[in-house]
Amino acid sequence: MTPAQLLHTSTLLGQVLGFEQPADALVSAYFRSHKKLGRQDRHEIAETVFAALRHLQKIQSVLPEPVRQSRRAALAALVLGRGISISALADCANAEETEFLGYLKAKKTEFAEQLNTAAELPEWLIAQLHAQGWSNEHILAFGRSTAAPAPLDLRVNTLQAKRDKVLAQLQDEGIRCEATPYSPWGIRLRDKSALMRHPLFLEGTIEVQDEGSQLLARLTGARRGEIIVDFCAGAGGKTLALGAAMNNSGRLYAFDVAEKRLAKLKPRMVRAGLTNISPQRIGSETDPRLERLIGKADCVLVDAPCSGLGTLRRNPDLKYRQSPERIAELEKQQAAILEAAARLVRPGGRLVYATCSVLAAENEHQAERFSAAHPDWQLANATRLLPDCPELFSGSPYLQLATATHHTDGFFAAVWIRPE
Ligand SMILES: C[S@@+](CC[C@H](N)C(=O)[O-])C[C@H]1O[C@@H](n2cnc3c(N)ncnc32)[C@H](O)[C@@H]1O
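Residues numbered from 1 in each chain as written. Predicted model: local features only at pLDDT ≥ 70, side-chain atom pairs only at ≥ 80, totals over all residues. Heavy atoms only, no water.

Going by the annotation in an unreviewed UniProt entry, the name recorded for the chain is RsmB/NOP family class I SAM-dependent RNA methyltransferase, with Eikenella exigua given as the source organism.

In C-alpha coordinates form, the structure reads like this:
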(Lines give C-alpha, C1' and ligand atoms only; values in the text may rest on other atoms or scores of the structure.)
Protein backbone atom coordinates (compact mmCIF):
# COMPACT_ATOMS: atom_id res chain seq x y z
CA MET A 1 0.00 0.00 0.00
CA THR A 2 1.27 3.47 -0.88
CA PRO A 3 0.95 6.48 1.45
CA ALA A 4 -1.65 7.98 -0.94
CA GLN A 5 -3.71 4.78 -0.93
CA LEU A 6 -3.53 4.72 2.87
CA LEU A 7 -4.87 8.28 3.02
CA HIS A 8 -7.86 7.33 0.87
CA THR A 9 -8.41 4.14 2.89
CA SER A 10 -8.49 5.98 6.21
CA THR A 11 -10.89 8.65 4.86
CA LEU A 12 -13.27 6.02 3.48
CA LEU A 13 -12.95 3.83 6.59
CA GLY A 14 -13.91 6.85 8.71
CA GLN A 15 -17.21 6.93 6.78
CA VAL A 16 -17.78 3.17 6.81
CA LEU A 17 -17.18 2.84 10.56
CA GLY A 18 -20.02 5.30 11.21
CA PHE A 19 -22.30 2.35 10.15
CA GLU A 20 -25.01 4.69 8.91
CA GLN A 21 -25.07 3.20 5.41
CA PRO A 22 -24.07 -0.18 3.96
CA ALA A 23 -20.30 -0.45 3.48
CA ASP A 24 -20.54 -1.56 -0.17
CA ALA A 25 -22.69 1.49 -1.02
CA LEU A 26 -20.20 3.85 0.67
CA VAL A 27 -17.26 2.23 -1.14
CA SER A 28 -19.00 2.58 -4.53
CA ALA A 29 -19.97 6.20 -3.82
CA TYR A 30 -16.38 7.02 -2.80
CA PHE A 31 -14.99 5.57 -6.02
CA ARG A 32 -17.60 7.45 -8.08
CA SER A 33 -16.46 10.71 -6.53
CA HIS A 34 -12.74 9.89 -6.93
CA LYS A 35 -12.64 9.00 -10.60
CA LYS A 36 -8.86 9.33 -10.85
CA LEU A 37 -8.24 6.29 -8.67
CA GLY A 38 -6.91 3.45 -10.80
CA ARG A 39 -7.91 -0.21 -10.68
CA GLN A 40 -5.09 -1.21 -8.36
CA ASP A 41 -5.82 1.73 -6.02
CA ARG A 42 -9.48 0.72 -5.80
CA HIS A 43 -8.56 -2.88 -5.12
CA GLU A 44 -6.13 -1.95 -2.30
CA ILE A 45 -8.54 0.52 -0.70
CA ALA A 46 -11.65 -1.70 -0.86
CA GLU A 47 -9.81 -4.84 0.33
CA THR A 48 -8.36 -2.95 3.31
CA VAL A 49 -11.72 -1.40 4.29
CA PHE A 50 -13.34 -4.86 4.24
CA ALA A 51 -10.37 -6.36 6.12
CA ALA A 52 -10.94 -3.74 8.84
CA LEU A 53 -14.61 -4.79 9.08
CA ARG A 54 -13.65 -8.46 9.25
CA HIS A 55 -11.15 -7.81 12.07
CA LEU A 56 -13.00 -5.06 13.91
CA GLN A 57 -13.36 -6.88 17.23
CA LYS A 58 -9.58 -7.13 17.48
CA ILE A 59 -9.09 -3.57 16.26
CA GLN A 60 -11.68 -2.22 18.71
CA SER A 61 -10.02 -3.97 21.61
CA VAL A 62 -6.97 -1.73 21.14
CA LEU A 63 -8.68 1.31 19.55
CA PRO A 64 -11.92 1.85 21.46
CA GLU A 65 -13.13 4.46 18.92
CA PRO A 66 -11.80 3.27 15.56
CA VAL A 67 -14.09 5.69 13.69
CA ARG A 68 -11.98 8.56 15.11
CA GLN A 69 -8.72 6.70 14.54
CA SER A 70 -9.40 5.36 11.09
CA ARG A 71 -5.79 5.69 9.93
CA ARG A 72 -4.62 3.37 12.70
CA ALA A 73 -7.59 1.08 12.03
CA ALA A 74 -6.53 0.88 8.36
CA LEU A 75 -2.94 0.04 9.32
CA ALA A 76 -4.22 -2.62 11.75
CA ALA A 77 -6.38 -4.10 8.96
CA LEU A 78 -3.34 -4.38 6.70
CA VAL A 79 -1.44 -6.35 9.34
CA LEU A 80 -4.29 -8.44 10.78
CA GLY A 81 -6.36 -9.01 7.67
CA ARG A 82 -4.11 -8.72 4.64
CA GLY A 83 -0.99 -10.46 5.91
CA ILE A 84 1.28 -7.43 5.37
CA SER A 85 4.35 -7.37 7.60
CA ILE A 86 5.03 -4.32 9.75
CA SER A 87 8.38 -3.81 8.03
CA ALA A 88 6.65 -3.62 4.62
CA LEU A 89 4.70 -0.62 5.92
CA ALA A 90 7.82 1.48 6.56
CA ASP A 91 6.76 4.08 3.94
CA CYS A 92 3.28 4.44 5.41
CA ALA A 93 3.58 4.19 9.21
CA ASN A 94 5.47 6.66 11.45
CA ALA A 95 7.41 5.53 14.55
CA GLU A 96 4.37 5.71 16.88
CA GLU A 97 2.20 3.82 14.42
CA THR A 98 4.86 1.14 13.98
CA GLU A 99 5.00 0.74 17.75
CA PHE A 100 1.18 0.45 17.85
CA LEU A 101 1.28 -2.28 15.19
CA GLY A 102 3.89 -4.20 17.21
CA TYR A 103 1.65 -3.99 20.30
CA LEU A 104 -1.29 -5.27 18.23
CA LYS A 105 0.67 -8.25 16.89
CA ALA A 106 1.80 -9.20 20.40
CA LYS A 107 -1.85 -9.73 21.36
CA LYS A 108 -2.28 -12.71 19.02
CA THR A 109 -2.71 -15.30 21.81
CA GLU A 110 -5.13 -13.08 23.71
CA PHE A 111 -7.22 -12.60 20.54
CA ALA A 112 -7.36 -16.37 19.99
CA GLU A 113 -8.54 -16.98 23.57
CA GLN A 114 -11.45 -14.55 23.67
CA LEU A 115 -14.65 -15.58 21.89
CA ASN A 116 -15.52 -12.15 20.46
CA THR A 117 -12.09 -11.60 18.91
CA ALA A 118 -11.62 -15.24 17.83
CA ALA A 119 -15.08 -15.43 16.21
CA GLU A 120 -15.06 -11.74 15.18
CA LEU A 121 -18.61 -11.29 16.44
CA PRO A 122 -19.90 -8.45 18.63
CA GLU A 123 -21.00 -9.24 22.19
CA TRP A 124 -24.71 -8.57 21.54
CA LEU A 125 -24.75 -11.19 18.77
CA ILE A 126 -22.82 -13.73 20.85
CA ALA A 127 -25.40 -13.21 23.62
CA GLN A 128 -28.29 -13.86 21.17
CA LEU A 129 -26.61 -17.01 19.82
CA HIS A 130 -25.94 -18.29 23.36
CA ALA A 131 -29.58 -17.57 24.27
CA GLN A 132 -30.77 -19.77 21.38
CA GLY A 133 -28.64 -22.64 22.66
CA TRP A 134 -25.47 -22.36 20.57
CA SER A 135 -22.27 -23.51 22.31
CA ASN A 136 -19.03 -21.52 22.17
CA GLU A 137 -17.73 -24.03 19.58
CA HIS A 138 -20.77 -23.51 17.36
CA ILE A 139 -20.41 -19.73 17.61
CA LEU A 140 -16.71 -19.94 16.82
CA ALA A 141 -17.34 -22.17 13.79
CA PHE A 142 -20.03 -19.75 12.59
CA GLY A 143 -17.81 -16.69 13.05
CA ARG A 144 -14.85 -18.35 11.34
CA SER A 145 -17.00 -19.52 8.42
CA THR A 146 -17.90 -15.90 7.68
CA ALA A 147 -14.32 -14.60 7.90
CA ALA A 148 -13.42 -15.06 4.24
CA PRO A 149 -15.27 -13.47 1.32
CA ALA A 150 -17.91 -15.65 -0.39
CA PRO A 151 -17.14 -17.33 -3.72
CA LEU A 152 -19.08 -16.19 -6.76
CA ASP A 153 -21.98 -18.52 -7.57
CA LEU A 154 -23.84 -18.37 -10.86
CA ARG A 155 -27.27 -19.70 -11.77
CA VAL A 156 -27.74 -20.97 -15.29
CA ASN A 157 -31.02 -19.81 -16.84
CA THR A 158 -32.47 -23.17 -17.87
CA LEU A 159 -34.72 -21.45 -20.41
CA GLN A 160 -31.63 -20.68 -22.43
CA ALA A 161 -29.02 -23.35 -21.72
CA LYS A 162 -28.05 -26.48 -19.85
CA ARG A 163 -25.66 -26.14 -16.91
CA ASP A 164 -23.15 -28.65 -18.27
CA LYS A 165 -22.80 -26.77 -21.53
CA VAL A 166 -22.24 -23.44 -19.80
CA LEU A 167 -19.78 -25.05 -17.39
CA ALA A 168 -17.81 -26.54 -20.28
CA GLN A 169 -17.77 -23.19 -22.11
CA LEU A 170 -16.47 -21.29 -19.07
CA GLN A 171 -13.82 -23.95 -18.41
CA ASP A 172 -12.72 -23.82 -22.08
CA GLU A 173 -12.26 -20.08 -21.64
CA GLY A 174 -9.86 -20.78 -18.77
CA ILE A 175 -12.27 -19.76 -16.00
CA ARG A 176 -11.74 -22.07 -13.02
CA CYS A 177 -15.21 -23.25 -11.97
CA GLU A 178 -17.21 -26.30 -10.97
CA ALA A 179 -20.83 -27.44 -10.60
CA THR A 180 -22.36 -26.49 -7.24
CA PRO A 181 -22.98 -29.57 -5.06
CA TYR A 182 -26.68 -29.05 -4.26
CA SER A 183 -28.30 -26.84 -6.87
CA PRO A 184 -28.54 -28.41 -10.33
CA TRP A 185 -28.58 -24.88 -11.79
CA GLY A 186 -25.43 -23.61 -10.11
CA ILE A 187 -21.80 -23.02 -11.03
CA ARG A 188 -19.19 -21.91 -8.48
CA LEU A 189 -16.24 -19.87 -9.66
CA ARG A 190 -12.92 -20.59 -7.96
CA ASP A 191 -11.60 -17.06 -8.55
CA LYS A 192 -13.48 -13.79 -8.64
CA SER A 193 -13.98 -13.11 -12.36
CA ALA A 194 -15.56 -9.98 -13.76
CA LEU A 195 -18.36 -11.76 -15.62
CA MET A 196 -20.72 -8.78 -15.85
CA ARG A 197 -19.53 -8.06 -19.38
CA HIS A 198 -19.41 -11.70 -20.47
CA PRO A 199 -21.78 -12.48 -23.40
CA LEU A 200 -23.42 -15.26 -21.31
CA PHE A 201 -24.36 -12.63 -18.73
CA LEU A 202 -25.42 -9.98 -21.24
CA GLU A 203 -27.64 -12.53 -23.03
CA GLY A 204 -29.28 -13.60 -19.75
CA THR A 205 -27.89 -17.15 -19.77
CA ILE A 206 -26.23 -16.70 -16.37
CA GLU A 207 -27.08 -14.66 -13.28
CA VAL A 208 -25.09 -14.18 -10.10
CA GLN A 209 -26.90 -16.01 -7.28
CA ASP A 210 -25.72 -17.79 -4.14
CA GLU A 211 -26.40 -21.54 -4.27
CA GLY A 212 -28.53 -21.24 -1.11
CA SER A 213 -30.81 -18.73 -2.81
CA GLN A 214 -31.18 -21.10 -5.75
CA LEU A 215 -32.26 -23.85 -3.34
CA LEU A 216 -34.95 -21.61 -1.83
CA ALA A 217 -36.38 -21.05 -5.30
CA ARG A 218 -36.34 -24.84 -5.87
CA LEU A 219 -38.06 -25.41 -2.54
CA THR A 220 -41.22 -23.68 -3.83
CA GLY A 221 -41.63 -26.55 -6.31
CA ALA A 222 -42.78 -23.91 -8.88
CA ARG A 223 -43.96 -25.68 -12.04
CA ARG A 224 -45.21 -24.84 -15.53
CA GLY A 225 -48.58 -23.11 -15.69
CA GLU A 226 -48.87 -22.33 -11.95
CA ILE A 227 -49.79 -19.06 -10.24
CA ILE A 228 -46.85 -18.15 -8.02
CA VAL A 229 -46.44 -15.11 -5.78
CA ASP A 230 -42.99 -13.85 -4.81
CA PHE A 231 -44.23 -11.63 -2.00
CA CYS A 232 -40.92 -9.89 -1.14
CA ALA A 233 -39.33 -9.95 -4.57
CA GLY A 234 -36.77 -7.15 -4.15
CA ALA A 235 -34.59 -6.91 -7.25
CA GLY A 236 -35.88 -10.34 -8.27
CA GLY A 237 -33.03 -12.77 -7.59
CA LYS A 238 -35.47 -15.55 -6.72
CA THR A 239 -38.18 -14.29 -9.09
CA LEU A 240 -35.91 -14.96 -12.08
CA ALA A 241 -35.15 -18.48 -10.85
CA LEU A 242 -38.88 -19.13 -10.31
CA GLY A 243 -39.77 -17.80 -13.78
CA ALA A 244 -37.27 -20.17 -15.39
CA ALA A 245 -38.49 -23.12 -13.25
CA MET A 246 -42.01 -22.34 -14.54
CA ASN A 247 -40.59 -22.48 -18.07
CA ASN A 248 -41.85 -18.93 -18.67
CA SER A 249 -45.46 -20.07 -18.39
CA GLY A 250 -48.29 -19.47 -15.88
CA ARG A 251 -48.25 -16.22 -13.89
CA LEU A 252 -45.57 -15.02 -11.48
CA TYR A 253 -46.43 -11.99 -9.34
CA ALA A 254 -43.42 -10.12 -7.97
CA PHE A 255 -44.47 -7.80 -5.14
CA ASP A 256 -42.36 -5.51 -3.01
CA VAL A 257 -42.81 -2.26 -1.11
CA ALA A 258 -39.55 -0.81 -2.52
CA GLU A 259 -40.01 0.70 -5.98
CA LYS A 260 -36.25 1.09 -6.50
CA ARG A 261 -35.56 -2.60 -5.94
CA LEU A 262 -38.43 -3.73 -8.19
CA ALA A 263 -37.18 -1.37 -10.90
CA LYS A 264 -33.96 -3.41 -11.02
CA LEU A 265 -35.97 -6.56 -11.75
CA LYS A 266 -37.35 -5.22 -15.05
CA PRO A 267 -34.12 -5.19 -17.14
CA ARG A 268 -33.14 -8.53 -15.60
CA MET A 269 -36.44 -10.11 -16.73
CA VAL A 270 -35.90 -8.85 -20.26
CA ARG A 271 -32.33 -10.16 -20.33
CA ALA A 272 -33.51 -13.56 -19.06
CA GLY A 273 -36.25 -13.75 -21.73
CA LEU A 274 -39.00 -14.05 -19.10
CA THR A 275 -42.44 -12.74 -19.98
CA ASN A 276 -44.53 -14.45 -17.29
CA ILE A 277 -43.63 -12.00 -14.49
CA SER A 278 -45.82 -9.12 -13.25
CA PRO A 279 -43.79 -6.84 -10.98
CA GLN A 280 -46.03 -4.68 -8.78
CA ARG A 281 -45.18 -2.27 -6.01
CA ILE A 282 -47.47 -2.63 -3.01
CA GLY A 283 -47.97 -0.05 -0.27
CA SER A 284 -47.78 -2.67 2.48
CA GLU A 285 -48.55 -6.35 3.04
CA THR A 286 -52.23 -5.42 3.39
CA ASP A 287 -52.44 -3.42 0.15
CA PRO A 288 -56.03 -3.76 -1.19
CA ARG A 289 -54.60 -4.63 -4.63
CA LEU A 290 -53.63 -8.03 -3.19
CA GLU A 291 -57.25 -8.95 -2.50
CA ARG A 292 -57.99 -10.24 -5.99
CA LEU A 293 -55.37 -12.96 -5.39
CA ILE A 294 -56.76 -14.23 -2.08
CA GLY A 295 -56.94 -18.04 -2.17
CA LYS A 296 -55.63 -18.15 -5.77
CA ALA A 297 -51.91 -18.87 -5.64
CA ASP A 298 -50.45 -22.35 -6.03
CA CYS A 299 -47.46 -21.16 -4.03
CA VAL A 300 -46.49 -18.02 -2.14
CA LEU A 301 -42.85 -17.36 -1.32
CA VAL A 302 -42.16 -14.97 1.56
CA ASP A 303 -38.46 -14.13 1.32
CA ALA A 304 -38.83 -11.94 4.36
CA PRO A 305 -36.91 -8.76 5.19
CA CYS A 306 -34.42 -9.95 7.82
CA SER A 307 -31.22 -9.12 9.66
CA GLY A 308 -29.14 -10.72 6.87
CA LEU A 309 -26.85 -12.29 9.49
CA GLY A 310 -26.45 -15.35 7.25
CA THR A 311 -24.63 -13.18 4.70
CA LEU A 312 -21.75 -11.90 6.84
CA ARG A 313 -19.20 -13.20 4.33
CA ARG A 314 -20.47 -10.59 1.87
CA ASN A 315 -21.67 -7.95 4.30
CA PRO A 316 -19.38 -8.01 7.36
CA ASP A 317 -20.70 -4.56 8.39
CA LEU A 318 -24.19 -6.01 9.04
CA LYS A 319 -23.18 -7.35 12.46
CA TYR A 320 -22.45 -3.74 13.43
CA ARG A 321 -25.49 -2.23 11.71
CA GLN A 322 -27.98 -4.61 13.34
CA SER A 323 -29.00 -4.53 17.01
CA PRO A 324 -31.39 -6.41 19.31
CA GLU A 325 -33.88 -3.51 18.96
CA ARG A 326 -33.79 -3.62 15.16
CA ILE A 327 -34.23 -7.42 15.24
CA ALA A 328 -37.28 -7.08 17.51
CA GLU A 329 -38.78 -4.68 14.90
CA LEU A 330 -37.99 -7.11 12.09
CA GLU A 331 -39.70 -9.94 13.99
CA LYS A 332 -42.97 -7.98 14.09
CA GLN A 333 -42.68 -7.11 10.40
CA GLN A 334 -41.93 -10.73 9.43
CA ALA A 335 -44.92 -12.08 11.37
CA ALA A 336 -47.25 -9.51 9.78
CA ILE A 337 -45.99 -10.22 6.25
CA LEU A 338 -46.21 -14.00 6.69
CA GLU A 339 -49.78 -13.77 7.98
CA ALA A 340 -50.89 -11.46 5.15
CA ALA A 341 -49.12 -13.44 2.43
CA ALA A 342 -50.65 -16.74 3.62
CA ARG A 343 -54.11 -15.44 2.63
CA LEU A 344 -53.12 -15.66 -1.04
CA VAL A 345 -52.43 -19.43 -0.95
CA ARG A 346 -55.18 -21.59 -2.53
CA PRO A 347 -56.52 -24.64 -0.66
CA GLY A 348 -53.91 -27.36 -1.15
CA GLY A 349 -51.31 -24.75 -2.15
CA ARG A 350 -47.85 -24.13 -0.65
CA LEU A 351 -46.47 -21.37 1.57
CA VAL A 352 -42.69 -20.92 1.87
CA TYR A 353 -41.19 -18.65 4.53
CA ALA A 354 -37.47 -17.92 4.12
CA THR A 355 -34.76 -15.71 5.59
CA CYS A 356 -31.01 -15.29 5.24
CA SER A 357 -30.64 -15.09 9.00
CA VAL A 358 -29.20 -17.48 11.59
CA LEU A 359 -31.30 -16.14 14.46
CA ALA A 360 -34.01 -18.43 15.86
CA ALA A 361 -36.11 -15.33 16.55
CA GLU A 362 -36.42 -14.69 12.81
CA ASN A 363 -36.53 -18.37 11.85
CA GLU A 364 -37.87 -21.23 13.99
CA HIS A 365 -39.78 -18.91 16.31
CA GLN A 366 -41.62 -17.30 13.39
CA ALA A 367 -42.41 -20.72 11.92
CA GLU A 368 -43.61 -22.07 15.30
CA ARG A 369 -45.82 -19.02 15.80
CA PHE A 370 -47.42 -19.48 12.36
CA SER A 371 -47.95 -23.23 12.93
CA ALA A 372 -49.57 -22.53 16.32
CA ALA A 373 -51.91 -19.94 14.80
CA HIS A 374 -52.81 -22.23 11.86
CA PRO A 375 -52.90 -25.77 13.26
CA ASP A 376 -54.76 -27.02 10.15
CA TRP A 377 -51.86 -26.05 7.84
CA GLN A 378 -49.51 -28.99 7.38
CA LEU A 379 -45.84 -28.26 8.06
CA ALA A 380 -43.89 -30.12 5.36
CA ASN A 381 -40.38 -31.47 5.82
CA ALA A 382 -38.58 -28.84 3.76
CA THR A 383 -35.44 -30.91 3.26
CA ARG A 384 -37.53 -33.71 1.67
CA LEU A 385 -38.76 -31.23 -0.93
CA LEU A 386 -35.26 -31.15 -2.43
CA PRO A 387 -35.04 -34.81 -3.51
CA ASP A 388 -31.79 -34.30 -5.43
CA CYS A 389 -30.06 -33.22 -2.18
CA PRO A 390 -30.28 -36.22 0.20
CA GLU A 391 -27.29 -34.74 2.09
CA LEU A 392 -29.59 -31.96 3.29
CA PHE A 393 -32.13 -34.31 4.94
CA SER A 394 -32.22 -33.73 8.67
CA GLY A 395 -34.39 -34.48 11.67
CA SER A 396 -35.71 -30.90 11.56
CA PRO A 397 -38.70 -30.02 9.39
CA TYR A 398 -36.90 -26.84 8.35
CA LEU A 399 -34.23 -26.28 5.72
CA GLN A 400 -31.20 -24.74 7.41
CA LEU A 401 -28.16 -23.96 5.34
CA ALA A 402 -24.97 -22.95 7.13
CA THR A 403 -21.84 -21.45 5.64
CA ALA A 404 -19.64 -23.67 7.83
CA THR A 405 -21.31 -26.87 6.57
CA HIS A 406 -22.79 -26.12 3.15
CA HIS A 407 -20.57 -23.26 1.90
CA THR A 408 -23.66 -21.24 1.02
CA ASP A 409 -24.92 -18.16 2.82
CA GLY A 410 -26.88 -19.00 5.98
CA PHE A 411 -30.53 -19.60 5.07
CA PHE A 412 -33.68 -20.83 6.79
CA ALA A 413 -36.93 -22.03 5.20
CA ALA A 414 -40.22 -23.49 6.38
CA VAL A 415 -42.92 -24.87 4.08
CA TRP A 416 -46.63 -25.39 4.83
CA ILE A 417 -49.44 -26.89 2.78
CA ARG A 418 -52.80 -25.18 3.16
CA PRO A 419 -55.66 -27.59 3.93
CA GLU A 420 -58.00 -28.41 1.00
C1 LIG B 1 -34.67 -10.49 1.63
S2 LIG B 1 -35.21 -9.18 0.64
C3 LIG B 1 -35.78 -9.97 -0.81
C4 LIG B 1 -34.70 -10.48 -1.73
C5 LIG B 1 -35.24 -11.04 -3.03
N6 LIG B 1 -36.32 -11.98 -2.85
C7 LIG B 1 -34.13 -11.70 -3.85
O8 LIG B 1 -34.12 -12.93 -3.98
O9 LIG B 1 -33.29 -10.98 -4.38
C10 LIG B 1 -36.69 -8.69 1.42
C11 LIG B 1 -37.54 -7.73 0.64
O12 LIG B 1 -38.76 -7.52 1.36
C13 LIG B 1 -39.22 -6.25 1.01
N14 LIG B 1 -40.30 -5.88 1.94
C15 LIG B 1 -40.19 -5.24 3.13
N16 LIG B 1 -41.41 -5.09 3.69
C17 LIG B 1 -42.30 -5.64 2.83
C18 LIG B 1 -43.72 -5.80 2.84
N19 LIG B 1 -44.45 -5.33 3.85
N20 LIG B 1 -44.32 -6.41 1.80
C21 LIG B 1 -43.56 -6.88 0.76
N22 LIG B 1 -42.21 -6.75 0.68
C23 LIG B 1 -41.60 -6.15 1.71
C24 LIG B 1 -37.98 -5.39 1.04
O25 LIG B 1 -38.16 -4.20 0.30
C26 LIG B 1 -36.93 -6.34 0.43
O27 LIG B 1 -36.79 -6.10 -0.94
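Next, the rest of the story.
1. What to know about the packing of aromatic side chains
Convention followed: Note on aromatic contacts: the rings of Phe and Tyr and the six-membered ring of Trp form a pair at centre separations within 6.5 Å, being stacked when their planes are under 30 degrees apart, edge-to-face when over 60 apart, and tilted otherwise. Residue burial is assigned from relative accessible area. The probe radius is 1.4 Å, only protein chains are included, and a residue is buried under 20% of its type maximum, exposed over 50%, and partly exposed in between. Our definition puts a charge over a ring when NZ of Lys or CZ of Arg is within 6 Å of the ring centre and also within 35 degrees of the ring normal.
This structure, assessed with the given rule, holds eight aromatic pairs. Ring geometry for Y253 against F255: centres 6.0 Å apart, planes inclined by 20 degrees, an arrangement best described as stacked. Relative accessible area serves as the criterion here: at 13%, Y253 is assigned to the buried category. Residue F255 is classed as buried on the basis of its relative accessible area, which comes to 1%. A ring pair is formed by F370 and W377, whose centres lie 5.4 Å apart and whose planes are at 90 degrees; its orientation type is edge-to-face. Here F370 matches W377 in class, with each residue buried. Site record: aromatic cluster; members linked through ring pairs are F231, Y253 and F255. Between the NZ or CZ atom of R384 and the centre of the ring of F393, over which it lies, the distance is 4.3 Å.

2. Some thoughts on the UniProt feature "active site" (unreviewed entry) in the chain
Here is the rule: UniProt positions are given in the numbering used here, feature names are shortened, and annotations may be inferred rather than shown by experiment. Numbered from the N terminus, helices here are DSSP runs of H or I no shorter than four residues, and strands are runs of E no shorter than two. By the convention used here, residues are in contact when the closest approach between their heavy atoms is within 4.5 Å.
Under the feature "active site" (unreviewed entry), the UniProt entry names C356. Tracing the chain through its elements places C356 in the loop between β9 (345-355) and α18 (364-373). In this structure C356 touches C306, G308, L309, G310, T311, G410 and F411, once residues within four positions along its chain are discounted.

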